[in-house]
There are 2 protein chains.
Amino acid sequence: MPTGGATTYTGPVEDYLKAIYELERSTGSAATTDIAHRLEIAPASVTGMIRRLADQRLLDYEPYRGVRLTETGLRVALRTIRRHRVIETFLVRVLGYSWDEVHAEAERLEHAVSDALVDRMAAALDEPTVDPHGAPIPTREGTVDEAHYASVEELAPGERARVVRVSDEDPARLRYLGSLGLTPGVTVMVAARAPFDGPITLRIGSGRRATQQVVGPSLAHSLLVERLRTPHRPPHRPPHRPPQRPPHGPPLGPPG
Amino acid sequence: MPTGGATTYTGPVEDYLKAIYELERSTGSAATTDIAHRLEIAPASVTGMIRRLADQRLLDYEPYRGVRLTETGLRVALRTIRRHRVIETFLVRVLGYSWDEVHAEAERLEHAVSDALVDRMAAALDEPTVDPHGAPIPTREGTVDEAHYASVEELAPGERARVVRVSDEDPARLRYLGSLGLTPGVTVMVAARAPFDGPITLRIGSGRRATQQVVGPSLAHSLLVERLRTPHRPPHRPPHRPPQRPPHGPPLGPPG
DNA sequence: AAATATAATTAGCCAAGCCTAAAATTCTAC
DNA sequence: GTAGAATTTTAGGCTTGGCTAATTATATTT
Ligand SMILES: [Mn+2]
Ligand SMILES: [Mn+2]
Ligand SMILES: [Mn+2]
Ligand SMILES: [Mn+2]
């Protein structure tokens, strides 16, 4: 657990707050089962924990209605996320880790480093603003630039874009993306799309070193990009897309 | 907790094993109250924990008779100590920590780093053999060169020696030692000794940059040295020394 | 609107690590 | 060899963070 002058929290508490932050951001709300799934624990355990977190004023909790981070909870979440991402960046840039190895290590170290150590790592890296997966690093003061990006899944044929961010949790997926050359900063162009959630053919890179690869909708969904000026850009038309995750659970219900 | 293929242990368990290792080494045995004092917890808590550690075959425990590390317990202790010392060395050499700041940080990180990370840090440091306080770093394979050194307290007037190791737990003491120039590698000579556990006057360094300082018996005790060939070295005669720690507790009884 | 499905909570349990107070054991002195 | 001191263990309790099974609340169908 970090020592740093202020109150300290246990590893599990920090992981809950991080998970809730991410869920609030991406789906607008954090339901008990979402948290449980994310942390790979039983829903009943989540109920117990969020009651305690609510007692500590880290979140607002209305039974059966979900939770929301308080100001304090948000601050703790962002501090933990900053630690995680600074650590990942340090491991890659200073110790030669590959981008698929750092997440698990950071997931543990984020609870053990002091604020002073994070600051020293950040300074040694010249105050990085994004981690190796393109995720923004919150500042010491607790602000983040959480721009929301399109995913490759949303690009129309012919559109060009720059990869800005990929999901960092699955090492195998990261290795695969790496092998395709799909890393932040790289330019891609949608060469073709099969209908009905079919595979997307991407032109990766530019000029003579460009390659062409086919990615499935799941991979395309986790590849976040920034659109580039494209000659003859067609009007924005989201691709045909039936309800999410058909084989698994039902959708999560409307946010809020 | 470290992930590394093998079984993993909790932070508290690793700290117990480390403490027991150090106690066995320095006093020959590890008594319940010694462990309690070292870890700053109540003796009753120690009894509970060592019973569990004995169940796990990490140590042999005979009630009222103390404990001894098993082969397995020793291995875990040395692995943790290796982590601690590699981390300390890394923090000093790569991140610019001073030697009084690293112990607390390493005390937490030692339980969170993976074997892979320790190996990478060690490689980046060119496989260091001693930490910033002069303590030997166990190898990956679990061997240590635990030479036993004399302390400055044991030096006779006129003897010359090289500082090889200092106790790393008290930051204030480390800062003071640093301010006197008493760091591993430095040469010292006992210029004078006051009798009855009195202060020791040391000539620190050599040549024109040498300084002279007076240290008390407590500080002298924690300064470990290697004797150097000295002109006219007097026969080995330990200084007059009444029973250890007179004001505190009684001595620990014979080892074994 | 009732039936069903899903989500969430409650009830009761457990292990790890800590605590204090009381009892037991061992050591030390006389 | 016994009294007193010190050490160690036992007894009983607490918090954290998990679990399963059962129940209750909410959503979705029909
Ligand atoms: Mn974590
Ligand atoms: Mn990341
Ligand atoms: Mn420790
Ligand atoms: Mn050290």
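As a starting point, this report considers the structure included with it. (Residues numbered from 1 in each chain as written. Chains lettered and ligands numbered in written order. Predicted model: local features only at pLDDT ≥ 70, side-chain atom pairs only at ≥ 80, totals over all residues. Heavy atoms only, no water.)

**So, the coordination of the manganese ion (ligand 4)**
Around the manganese ion (ligand 4), the donor atoms from the protein are Glu-88 of chain B (OE), Asp-131 of chain B (OD), His-133 of chain B (ND1) and Asp-168 of chain B (OD), and they sit 2.1 to 2.4 Å away. The buried category is assigned to Asp-131 of chain B, whose relative accessible area is 5%. (Donors = N, O, S within 2.8 Å, 3.2 Å for Na, K, Ca; no water. Buried < 20%, exposed > 50% of the residue type's maximum accessible area, 1.4 Å probe, protein only.)

**Quick word on the packing of helix α2 (residues 32-39) of chain A against helix α3 (residues 43-55) of chain A**
Residues and elements named next belong to chain A. Running from N to C, α2 and α3 cross one another at 110°; their axes reach a closest spacing of 8 Å. Taken together, the axis directions place α2 and α3 in an arrangement best described as roughly perpendicular. Of α3, the residues touching α2 (which contributes Thr-32, Thr-33, Ile-35 and Ala-36) are Pro-43, Val-46, Thr-47 and Ile-50. Taken together, the residues that form the contact of α2 with α3 break down as five nonpolar, three polar and no charged. (Axes fitted to C-alpha atoms, helices over the stretch in contact; angles between N-to-C directions. Helix = DSSP H or I, 4+ residues; strand = E, 2+ residues; numbered from the N terminus. Parallel < 35°, antiparallel > 145°, perpendicular 65-115°, else oblique. Contact = heavy atoms within 4.5 Å. Nonpolar A, V, L, I, M, F, W, Y, C, P; charged D, E, K, R; others polar.)

**Quick notes on the coordination of the manganese ion (ligand 2)**
Residues and elements named next belong to chain A. Only Glu-88 (OE), Asp-131 (OD), His-133 (ND1) and Asp-168 (OD) from the protein coordinate the manganese ion (ligand 2), and they sit 2.1 to 2.5 Å from it. Written as a sequence motif, the donor arrangement for the manganese ion (ligand 2) is E-x42-D-x1-H-x34-D. One end of the pair, Asp-131, is in the loop between α6 (115-124) and β3 (150-151); the other, Asp-168, is in the loop between β4 (160-166) and α7 (171-180), and 37 residues separate them in sequence.

**Some words on the protein's contact with DNA strand C**
Thr-33, Thr-47 and Tyr-61 of chain A together with Thr-10 and Ser-45 of chain B are the nearest of the 22 residues found near DNA strand C. Considering DNA strand C, the proportion of its atoms within 4 Å of the protein that are sugar or phosphate atoms stands at 79%. Note that a phosphate oxygen of DNA strand C is positioned 3.1 Å from one of the backbone N or O atoms of Tyr-64 of chain A. Elements with a contribution of two residues or more to the surface near DNA strand C: α2 and α3 of chain A together with α1 (11-27) and α3 (43-55) of chain B. Classifying every residue of the surface near DNA strand C gives 15 nonpolar, five polar and two charged. (Near = heavy atom within 4 Å. Polar contact = N/O pair within 3.5 Å; in protein donor to acceptor, adjacent residues only side chain to side chain.)

**Here we look at the packing of aromatic side chains**
For the coordinates displayed, the defined rule picks out one aromatic pair over all chains. Judged by centre distance (6.2 Å) and plane angle (85°), the rings of Phe-90 of chain A and Phe-90 of chain B are edge-to-face. In this pair, Phe-90 of chain A sits in helix α4 (residues 71-93) while Phe-90 of chain B sits in helix α4 (residues 71-93), so the two residues belong to two different chains. The pair formed by Phe-90 of chain A and Phe-90 of chain B is uniform in burial state, with each residue classed as buried. Over the aromatic face of Tyr-97 of chain B sits the side chain of Arg-120 of chain A, whose NZ or CZ is 4.3 Å from the ring centroid. (Phe/Tyr/Trp six-rings, centres within 6.5 Å; stacked < 30°, edge-to-face > 60°. Lys NZ or Arg CZ within 6 Å of the ring centre and 35° of its normal.)

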